[in-house]
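Next come the chains, spelled out residue by residue.
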Amino acid sequence: MDLRELVSALNDFASPSLAESWDNVGLLVEPSPPHAVNTLFLTNDLTEEVMEEAVQKKADLILSYHPPIFAPLKRVTWGTWKERLVVRALERRIGIYSPHTAYDAAPHGVNNWLAKALGACTSIPLHPSTAPSYPAEGTHRVEFCTGTEHLDAVLSKIKDIQEVSCLTTFPARVEGEEQTRVSLNCSQKALLEVVALLSQNSLLYHKTEILLLQKPLLPHTGMGRLCTLSEPVPLSDIVERIKQHLRLPHVRIAVGRGRTPESPVKTAALCAGSGSSVLKGTKADLYLTGEMSHHDVLDAVANGISVILCEHSNTERGFLSELRDTLATHLQNKVNIIVSETDRDPLQV
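Residues numbered from 1 in each chain as written. Predicted model: local features only at pLDDT ≥ 70, side-chain atom pairs only at ≥ 80, totals over all residues. Heavy atoms only, no water.

Participant: Even after reading the chapter, I still don't get the side chain of T101, so can you show me in this structure?
Facilitator: Tracing the backbone through its elements, the reader meets T101 in helix 4 (residues 101-105). Taking relative accessible area as the criterion, T101 reaches 3% and is therefore assigned buried. Those residues in contact with T101 that lie beyond four places of it in its chain are L18, A19, E20, W22, D23, V25 and M223. (Helix = DSSP H or I, 4+ residues; strand = E, 2+ residues; numbered from the N terminus. Buried < 20%, exposed > 50% of the residue type's maximum accessible area, 1.4 Å probe, protein only. Contact = heavy atoms within 4.5 Å.)

This is the structure:
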């Protein structure tokens, strides 16, 4: 596939608009066009060792779950390992694409794969994603009714306010009187000016309605998951299920206050990677993530919530095998997809 065609297909698979605003996702390194992709190489982290493996396996595009370019690069030299990744990629005409939190939020993404470690359960996003676009402009809708004597003057002043859109009028009958109903959309900043204008006429102001325009939530999409098990399972059994699913000999566990390893787990909140900010404040029997701060663990335990930590990338990497098969179907088997054998979590027990 042509690189740009492939990137478009990857964006269709999980839109970059689902990613967090602080993230750096999408095509990060692009060889000069045209660039054909015969082999797509999947990795969780793009290290120099993984890059050499990609070179040896003649990869044309690397899909690195974590973006290897995050903080802006001021130069591209042989001086630092991340700069060397870019140099090596361009020398070998290898593109680099990163989905990161777009794959966390996607219904068929990393967190749904991690939830399979718990066994039979239903799940909902902890922080649902909103639609990336919305047919209405502005953040608020303002509607009010006025008589004919005030209409032209009010409309003239409203049209002078910046960031007002979708201004419409239509006949209305209010308390037996023929009036005109005015509807407009505006930004948060313009709303203050519109309200100030309308408040100059108390009769007008008391007939004003203000609606907050919110983008609709996307079903089954968003950060983290709150999982409800089909039946309660002892914490010790959940530990074994997680170890088996993630193929780990060890995990770290903090047992919640008043709980024991035999206490039943009915609800579990999870987040691949670093889950403190996503999980914080969620009521559940268990938190499952890669890493959390010491004080967030203490806080969870004090609230009777057990915590299982598996190290950051161990909660993500296993998804790559499932991703390989899913992408093969999505891309209609037009490219060869391989998973890195060198990629691994930097922390070992």
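Participant: Sorry, what's going on with the pairing of strand 14 (residues 306-309) here?
Facilitator: For a regular strand, side-chain orientation follows a simple rule: the groups alternate between the two sheet faces. Residue alternation in strand 14 divides its side chains into two sets, S306 and I308 and V307 and L309, and both sets are buried. Of the pairings in the sheet, the one linking strand 11 (residues 252-254) to strand 14 comprises three bridges and is antiparallel in character. Paired with R252 across the bridge in strand 14 is L309. Since strand 13 (residues 286-291) and strand 14 lie parallel, the crossover through helix 11 (residues 294-302) that links them has a hand, and here it is right-handed. (Pairing = 2+ DSSP bridges. Right-handed = clockwise from strand over helix to strand, strands pointing away.)

Participant: It is not clear to me how the packing of aromatic side chains should be interpreted in this structure. Could you clarify?
Facilitator: Remark: the centre distance and the inter-plane angle together describe each pair of aromatic rings, the angle taken between the planes. Under the criterion given, the structure shown has three aromatic pairs. A centroid spacing of 6.3 Å and a plane angle of 80° characterise the contact between Y103 and F319, whose relative ring orientation is edge-to-face. Of this pair, Y103 sits in helix 4 while F319 is found in helix 12 (residues 319-330), placing the two residues 216 residues apart along the sequence. Under the relative-accessibility criterion, Y103 is labelled buried at 1%. Within the aromatic cluster, the residues linked to one another by ring pairs are F13, Y103 and F319. (Phe/Tyr/Trp six-rings, centres within 6.5 Å; stacked < 30°, edge-to-face > 60°.)

Participant: Please clarify how helix 2 (residues 48-56) should be interpreted in this entry.
Facilitator: An α-helical turn contains 3.6 residues, so any two residues separated by three or four positions project in the same direction. Within helix 2 the residues assigned to the buried category are V50, M51, E53, A54 and V55. Against the buried residues of helix 2 lie strand 2 (39-43), strand 3 (61-64), helix 3 (81-91), strand 4 (95-98) and strand 15 (336-339). Phi turns positive one or two residues past the end of helix 2, at K58, with a value near 60°.

Participant: Is there a simple way to think about helix 7 (residues 188-198) in this case?
Facilitator: Listing the buried residues of helix 7 in full gives A190, L191, V194, L197 and L198. Projected down its long axis, helix 7 carries its buried residues within an arc of 125°, all on one side. Turned more than 90 degrees from where helix 7 packs its buried face, K189 and L192 sit exposed. Where helix 7 is buried, its residues meet strand 6 (140-146), helix 6 (148-159), strand 7 (164-174), strand 8 (177-186), helix 8 (202-205) and strand 9 (208-212). (Arc of directions from axis to C-beta.)

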